[in-house]
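Spelled out from the first residue to the last, the chains are:
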Amino acid sequence: MSNVNMSVYFAFESFVAKLFAKAGYEIEGLGENLCVDFIAKREDASYAVEVKYSTNLFEKSIYHISRSLEKIMSYSKDSGLTPVLAVAAVVNNNDRQKFNKLYPKFEILDVSNILFVLPHESAERDEFISLLPSVVEGIEPAESSIDLTWLAHSDHVSELIKELKDCPVGKETSAQFEKACTNILMYLFADDLTLWREQKHSNNGLYRFDLLCRIKNGDQNTFWSIVERYFQSKYVIFEFKNYSRNITQKEVYTTEKYLYSKALRCVAIIITSKGMDKHAEWAAKGVLRETGKLILIFEKQDVIKMCEMKMKDEDPSEYLLDKLDGLLMELEK
């Protein structure tokens, strides 16, 4: 498993454990060398939970992990626990029946079950969707036999907007600005993007981009499908500039250094506190005209407008598409 997949796997495992903890279970053994990923105990039920981050578990690999599942069954029986298999996929009824014939004592917790207990407009739902390798559009939430009921945070979106608005400009609060922007982007585009890797240095250590995301498999959203299909970019870089001034062409050319067509990374989005000067705009157009790399620049007020769109059940990606349309139509030879 690659470093990227391992990173996402551990984040998914941690999220599933947090889900049980919010439902009142005591979590044991997370990160330890147990037969299972963790144990969740409550007065009315106790589970041995094994987490698998696989979209094709029941098509190709279920028999490959049979020895592992047999060990978990034995461990659970000896410990008086109910074994649970939590997967980052939707398990249809036919696959559930096949699995239950092989492992009748196992409970399955899939994406549809987790979506059932996560309230809309919650940070936890955004976080969960952002971890998934595929889009959740069309997935019908389904109740599980495992009780994972918990109370959600209220007024989540207003808190996100306030966090961004209240962030002072300047280098000292750059990390705060990055975090506020990342939280809002996860709210806006958790259905479209995954990975969410922060603060990565280039190989020579001279440059650092703030956030890297991958477009989810099967995404049919117009803006992101254009990015993937016509700009040949599976990955998108985000840069956050909490400057007290407009950004200049210097910041645009620095961002360009992170974009490589062979790495399927040809698109960057810069979010600024104060906007850009005319030289930055010219630089972004020049980069697109000469190299085919796309750099879009937004102010934090643009991000807030996209939040307001989503709160009205409008697609915030349409705002990105309008920005792209304007850039392409104004592009000179």
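Our subject is the structure that appears above.
Let us look at the structure shown here. Computed from a predicted model, the values in this text were never measured in an experiment.

1. What to know about the overall build of the protein chain
Helices and strands together make up the secondary structure of the protein chain, namely 13 helices and 10 strands. Over its C-alpha trace the protein chain gives a radius of gyration of 22 Å, about what one expects of a compact globule, namely 20 Å for 333 residues. Referenced to the eigenvectors of the C-alpha coordinate spread, the extents of the protein chain come out at roughly 70 × 40 × 40 Å. The burial tally for the protein chain puts 51% of its 333 residues in the buried class. When contacts within the protein chain are restricted to residue pairs at least 6 apart in sequence, long-range pairs at least 24 apart make up 66% of them.

2. Some details on unusual backbone geometry
Residue Trp 196 is not a glycine yet carries a positive backbone phi of 55°. Tracing the backbone shows Trp 196 in strand 6 (residues 193-201). Residue classification places Trp 196 among the buried residues on the basis of a relative accessible area of 10%. Positive phi is not limited to glycine here, since Leu 264 has a value of about 55°. Its relative accessible area of 42% is what places Leu 264 among the partly exposed residues.

3. Re the nonpolar core
By size, the foremost hydrophobic cluster in this structure holds 50 residues, and its most contacted members are Phe 20, Val 49, Phe 128 and Leu 148. Considering every element that reaches this core, the biggest residue donor is helix 1 (residues 3-22), with eight residues. Core analysis: the second largest hydrophobic core is formed by 43 residues, Phe 223, Val 227, Leu 296 and Val 303 among them.

4. Observations concerning the sheet that holds strand 3 (residues 45-52)
Hydrogen bonds between backbone groups are what pair the strands of a sheet, and the pairing can be parallel or antiparallel. With respect to topology, five strands assemble into an open sheet ordered 1-2-3-4-5, the strand pairing being mixed. Strands with a single pairing partner mark the edges of an open sheet, and in this sheet they are strand 1 (26-28) and strand 5 (107-109). Each strand of the sheet is rotated relative to its neighbour by a mean of 30°, with strand direction disregarded. With three bridges connecting them, strand 4 (residues 82-87) and strand 5 associate as parallel partners. Each residue of the ladder has a partner; that of Val 84, found in strand 5, is Glu 107.

5. Here we look at the packing of helix 9 (residues 222-230) against helix 13 (residues 317-329)
Look at helix 9 against helix 13: their axes get within 8 Å of each other, and the N-to-C directions meet at 50°. Looking at the two axes, helix 9 sits oblique to helix 13. Across from Thr 222, Phe 223, Trp 224 and Ile 226 in helix 9, the residues of helix 13 making contact are Ser 317, Leu 320, Leu 321 and Leu 324. For the contact of helix 9 with helix 13, the residue count by class is six nonpolar, two polar and no charged.

6. Notes on the environment of Ala 45
Relative to the helices and strands, Ala 45 is located in strand 3. Given a relative accessible area of 17%, Ala 45 falls into the buried group. With 101 residues separating them in the primary sequence, Ala 45 and Ile 146 have C-alpha atoms 8.7 Å apart. Once residues within four sequence positions are removed from consideration, Ala 45 is found in contact with Tyr 25 and Ala 40.

7. Digging into helix 11 (residues 278-291)
Taking 1.5 Å per residue as the helical rise, helix 11 with its 14 residues ought to reach 20 Å, and the 20 Å between its terminal C-alpha atoms agrees with that figure. Residues Ala 280, Ala 283, Ala 284, Lys 285, Gly 286, Val 287 and Leu 288 constitute the buried set of helix 11. Sitting at the amino-terminal end of helix 11 is Asp 277, which places a side-chain oxygen 3.1 Å from the backbone nitrogen of His 279.

8. With respect to the pattern of salt bridges
Where charged atoms from two side chains of opposite charge come close, those side chains can pair. Per the stated rule, a full pass over the model turns up 13 salt bridges. Residue Glu 127 is joined to Lys 18 by a salt bridge in which the shortest nitrogen-to-oxygen separation is 2.6 Å. Linking Glu 127 in helix 6 (residues 123-131) with Lys 18 in helix 1, this pair joins segments that are 109 residues apart in sequence. Exposure remark for Glu 127: the relative accessible area of 25% places this residue in the partly exposed category. Note that Lys 241 and Glu 239 form a salt bridge whose closest N and O atoms lie 3.2 Å from each other.

About the criteria used
Residues numbered from 1 in each chain as written. Predicted model: local features only at pLDDT ≥ 70, side-chain atom pairs only at ≥ 80, totals over all residues. Heavy atoms only, no water. Helix = DSSP H or I, 4+ residues; strand = E, 2+ residues; numbered from the N terminus. Rg over C-alpha atoms; globule rule 2.2 N^0.38 Å. Buried < 20%, exposed > 50% of the residue type's maximum accessible area, 1.4 Å probe, protein only. Contact = heavy atoms within 4.5 Å. Core = buried A, V, L, I, M, F, W, Y, C linked by side-chain atoms within 4.5 Å. Pairing = 2+ DSSP bridges. Axes fitted to C-alpha atoms, helices over the stretch in contact; angles between N-to-C directions. Parallel < 35°, antiparallel > 145°, perpendicular 65-115°, else oblique. Nonpolar A, V, L, I, M, F, W, Y, C, P; charged D, E, K, R; others polar. Expected span 1.5 Å × (residues − 1). Polar contact = N/O pair within 3.5 Å; in protein donor to acceptor, adjacent residues only side chain to side chain. Salt bridge = Lys/Arg side-chain N within 4 Å of Asp/Glu carboxyl O.

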